[in-house]
Amino acid sequence: EGLQEDAWGFFKVCTPIVVAGAPLGSLFGSFLHRLVLAAFVYVTDFAQFVGALYVVRPWTDVKCNEATDCNSTHICLSSASIMVA
């Protein structure tokens, strides 16, 4: 039940941003070259990836315990393969 209330709250917060941002993004995108837009997507994807690595920190075993079967080597290798691809 609590998750549903939070989801509606997030929806209410995001709605005005999407309503204003989508037309503005379309307008700005129509004036820019497609390679500029592609570069912007690459930069934002890289920033999200680095941010996720900072939050998850797959190179540490801090969140591992007897109940969880986690392997930091597997997560590090998969993250590196995503970065290379």
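Residues numbered from 1 in each chain as written. Predicted model: local features only at pLDDT ≥ 70, side-chain atom pairs only at ≥ 80, totals over all residues. Heavy atoms only, no water.

Draft legend 1. Focus on the packing of aromatic side chains. On inspection of all chains with the given rule, the structure shows 1 aromatic pair. For the ring pair Trp8 and Phe11, a centre distance of 5.7 Å and an interplane angle of 90° mean the geometry is edge-to-face. You can see Trp8 and its partner Phe11 sitting in helix α1 (residues 2-31), 3 residues apart, about one turn around the helix. Using a relative accessible area of 51% as the deciding quantity, one classes Phe11 as exposed. (Phe/Tyr/Trp six-rings, centres within 6.5 Å; stacked < 30°, edge-to-face > 60°. Helix = DSSP H or I, 4+ residues; strand = E, 2+ residues; numbered from the N terminus. Buried < 20%, exposed > 50% of the residue type's maximum accessible area, 1.4 Å probe, protein only.)

Draft legend 2. Local environment of the packing of helix α2 (residues 34-56) against helix α3 (residues 72-84). It is at 12 Å that the axes of α2 and α3 come closest, and there the two elements cross at 170°. Between α2 and α3, the angle falls in the class roughly antiparallel. Of the residues in α3, those in contact with Phe46, Phe49 and Leu53 of α2 are Ser79, Ile82 and Met83. Broken down by class, the residue content of the contact of α2 with α3 amounts to 5 nonpolar, 1 polar and no charged. (Axes fitted to C-alpha atoms, helices over the stretch in contact; angles between N-to-C directions. Parallel < 35°, antiparallel > 145°, perpendicular 65-115°, else oblique. Contact = heavy atoms within 4.5 Å. Nonpolar A, V, L, I, M, F, W, Y, C, P; charged D, E, K, R; others polar.)

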